[in-house]
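Here is how the chains run, residue by residue.
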Amino acid sequence: MYMKKKYNCEDWFKDKIPSQHISVKDALRLSINTSLENHLGVKSGVDLFRIRLNYSHLDASRMLQSSLANNHTCKRQKTDKKDNRDSLDDSHKSNLKNSNEHLCSESDSVILRTLESMLDHAFCEHFVIPPEKALKPCLLTTTCYRMPIYIGGRYLKFSRRVSQSCWIIDDERMGEASVEEIVGSNALLVCKGDNYKFHAAGREDIDVRMLGSGRPFLVEVSNAHCMPSMIDVQLIAEKINNSDKKYVRVRNLKLVNNQAWTLMREGEAEKQKQYAALVWTSRALTEEDLHSISSRKDLDIIQRTPIRVLHRRSPLERKKIIHWMNIERIAGSCQYFLLHLCTQAGTYIKEFVHGDLGRTHPSIGSILGCRAEILQLDVTDVKMDFFD
């Protein structure tokens, strides 16, 4: 603001848009980098292992927090006037006090966003320009940490009581375990990290098995104290695959870079998936019925958000493609059959079978002209050029 007020009329200053102005943080970094490199005898650069230098100044921090709190108070008071309130009641004062205390404990990024959103006149009202010279030294603290590392592969899920991610409702676990916990906890143990995140190319319901070549996934381990070797990665795979319960199996496990996450997300939208579904129909199927199903290629369907997920998904209408289907008869039964199909990513298979009260059209039920119910479902292949 000081530079803007002093040089705003200068051509060299006006020609530069605000985003081209260097931040105070970058100015500090550039001014001390060379000195630190010479003092420590090392070169700064981008690497997985980093040393964070945190400079803080108690007086400056108090002044900053006080000014931001005052600005926050002014905003609340203006809002009250617009609402025709003459004074703050006890509840309002309590909320204001809590919000000010919360502001004083905010992270640097939140404080920076608050400053950037302030109008020039508001900034000038609450801050001394130029800032007063600090007479006390700042405090320097150092933190050693490692950027996240990524372990990727494909997982197979053999149980219909295991969810992909940890699923808890009203403090009660749904299912017996999760792929996320089984894979992530073993990776965390070997890497000795602080925590982990599990990412997968799509998901299956808890009662759906993941078979075939498996589903691509990544485990992101934060601040790993041990960089895993290929032997360590294989040890992780062996611990998972040799578990007594045999819920989950992993394959092609390897250490990858952070670009793998982007590649997996890009491929997720384009992938095709194959399924095997055990289906019951309200009448016996004829050869004509079998031909009617199997002869359809690249069938366009319209799916409105299923009733079973409407509580957590937006009510949208989605166009999807059923690339191919074929029916495998079950010996000794004329109303039960296995439906094999290949679909576009994001297709709701259960709803494609029973129609979801007309919310998916066409469906297996509408094509056959009878009631159709899905009894069991397996994912048999996820077609992605990722960890094959």
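About the thresholds
- Residues numbered from 1 in each chain as written.
- Predicted model: local features only at pLDDT ≥ 70, side-chain atom pairs only at ≥ 80, totals over all residues.
- Heavy atoms only, no water.
- Helix = DSSP H or I, 4+ residues; strand = E, 2+ residues; numbered from the N terminus.
- Buried < 20%, exposed > 50% of the residue type's maximum accessible area, 1.4 Å probe, protein only.
- Contact = heavy atoms within 4.5 Å.
- Areas by Shrake-Rupley, 256 points an atom, 1.4 Å probe, with all protein chains shown as cover.
- Arc of directions from axis to C-beta.
- Salt bridge = Lys/Arg side-chain N within 4 Å of Asp/Glu carboxyl O.
- Phe/Tyr/Trp six-rings, centres within 6.5 Å; stacked < 30°, edge-to-face > 60°.
- Lys NZ or Arg CZ within 6 Å of the ring centre and 35° of its normal.
- Core = buried A, V, L, I, M, F, W, Y, C linked by side-chain atoms within 4.5 Å.
- Axes fitted to C-alpha atoms, helices over the stretch in contact; angles between N-to-C directions.
- Parallel < 35°, antiparallel > 145°, perpendicular 65-115°, else oblique.
- Left-handed = near helix turned anticlockwise from the far one by under 90°.
- pLDDT = per-residue confidence, 0-100.
- Polar contact = N/O pair within 3.5 Å; in protein donor to acceptor, adjacent residues only side chain to side chain.

- Per an unreviewed UniProt entry, the protein chain carries the name tRNA pseudouridine(55) synthase and comes from Phoenix dactylifera.

### A look at the overall build of the protein chain
Moving on, step 1. Helices and strands together make up the secondary structure of the protein chain, namely 13 helices and 16 strands.
Moving on, step 2. Of all 388 residues assigned to the protein chain, the portion counted as buried reaches 37%.
Moving on, step 3. Restricting to contacts in the protein chain with at least 6 residues of sequence separation, those with at least 24 account for 74%.
Moving on, step 4. Looking at the protein chain as shown, the accessible area adds up to about 24,000 Å², and 53% of this sits on carbon and sulfur atoms.

### Some remarks on helix 10 (residues 259-268)
Moving on, step 1. When we look at burial in helix 10, the residues that qualify are A260, M264, G267 and E268. Here the buried residues of helix 10 occupy an arc of 105° about the axis, which is enough to place them on one side.
Moving on, step 2. The elements touched by buried residues of helix 10 are strand 8 (195-200), strand 9 (208-222) and strand 10 (248-256).

### Re the pattern of salt bridges
Moving on, step 1. Under the counting rule described, the total for this entry stands at 16 salt bridges.
Moving on, step 2. We note a salt bridge from E373 to R371, for which the minimum N-O separation is 3.1 Å.
Moving on, step 3. Using a relative accessible area of 26% as the deciding quantity, one classes E373 as partly exposed.
Moving on, step 4. Three or more residues are tied together by salt bridges with common partners; here these are D205, D207, R308, K350 and E351.

### Remarks on the packing of aromatic side chains
Moving on, step 1. Per the stated rule, a full pass over the model turns up 4 aromatic pairs.
Moving on, step 2. Geometrically, the ring pair formed by F123 and F127 is stacked, given 4.6 Å between the ring centres and 20° between the ring planes.
Moving on, step 3. Here F123 falls in the partly exposed class, since its relative accessible area comes to 21%.
Moving on, step 4. With a relative accessible area of 12%, F127 lands in the buried category.
Moving on, step 5. With centroids separated by 6.2 Å and ring planes inclined at 55°, the aromatic side chains of Y155 and F198 adopt a geometry described as tilted. Highlighted residues: Y155 in strand 3 (residues 149-157) and F198 in strand 8, separated in sequence by 43 residues.
Moving on, step 6. What makes Y155 buried here is its relative accessible area of 0%.
Moving on, step 7. Across the ring face of Y145, the terminal group of R52 is positioned such that the distance to the ring centre comes to 4.6 Å.

### Overview of the nonpolar core
Moving on, step 1. With 63 residues, the main nonpolar core has Y155, V183, F217, M325, L339 and I364 as its most contacted residues.
Moving on, step 2. Among the elements that line this core, the one with the most residues is helix 8 (residues 179-191), at 7 residues.
Moving on, step 3. If near-sequence neighbours (up to four positions away) are discounted, I364 is found in contact with I293, M325, L339, F352, V353 and A372.
Moving on, step 4. Among the nonpolar cores identified, the runner-up in size contains 5 residues, and L68, I111, M118 and F127 belong to it.

### With respect to the packing of helix 8 against helix 9 (residues 230-241)
Moving on, step 1. It is the contact of helix 8 with helix 9, at a shortest axis distance of 10 Å, that shows an interaxial angle of 140°. Comparing the axis directions of helix 8 and helix 9 gives the class oblique. The interaxial crossing formed by helix 8 with helix 9 has right-handed handedness. Contact residues: I182, V183, N186, A187, L189 and V190 in helix 8; D232, L235, I236, K239 and I240 in helix 9.

### Thoughts on the environment of C138
Moving on, step 1. Among the secondary structure elements, C138 is positioned in the loop between helix 7 (120-126) and strand 2 (139-146).
Moving on, step 2. C138 sits in the partly exposed class, given a relative accessible area of 43%.
Moving on, step 3. Taking the C-alpha atoms as reference, C138 lies 9.9 Å from N54; in sequence the two are 84 residues apart.
Moving on, step 4. In this structure, C138 is in contact with Y55, S56 and H57, ignoring residues within four places of it in sequence.

### Focus: unusual backbone geometry
Glycine aside, the phi torsion of most residues is negative, and most peptide linkages are trans.
Moving on, step 1. Here the bond from I129 into P130 is cis, since omega is -5°, no more than 30 degrees from zero.
Moving on, step 2. Summarising the element assignment, P130 is placed in the loop between helix 7 and strand 2.
Moving on, step 3. A cis amide bond links H361 to the next residue, P362, at an omega of -10°.
Moving on, step 4. Here P362 lies in the loop between strand 15 (360-361) and helix 13 (364-368).

### Some words on helix 11 (residues 287-294)
Moving on, step 1. Along helix 11, the positions that sit buried rather than exposed are D289, L290 and I293. One side of helix 11 carries all its buried residues, which in axial view fall inside an arc of 100°. Residues E287, E288 and H291 are exposed on helix 11 and point more than 90 degrees away from its buried face.
Moving on, step 2. Residues of helix 11 that are buried sit in contact with strand 13 (317-329), strand 14 (336-344) and helix 13.

### A closer look at the confidence of the model for the protein chain
Moving on, step 1. Mean pLDDT over the protein chain stands at 85; residues scoring 70 or higher make up 88%.
Moving on, step 2. Considering only residues more than four positions removed or in separate chains, one finds that residues 78-89, a stretch of pLDDT under 50, has 6 contacts.
Moving on, step 3. In this model residues 91-105 is a low-confidence stretch, pLDDT under 50, and it forms 18 contacts with partners more than four residues away in sequence or in other chains.

### Thoughts on the side chain of T305
Moving on, step 1. In this structure, T305 sits in the loop between strand 12 (299-304) and strand 13.
Moving on, step 2. In this structure the side chain of T305 is engaged in a polar contact, spanning 2.6 Å, whose partner is the backbone oxygen of S314.
Moving on, step 3. Filtering out sequence-adjacent residues up to four positions away, T305 remains in contact with L310, R313, S314, P315, L316, R318, D356 and R359.

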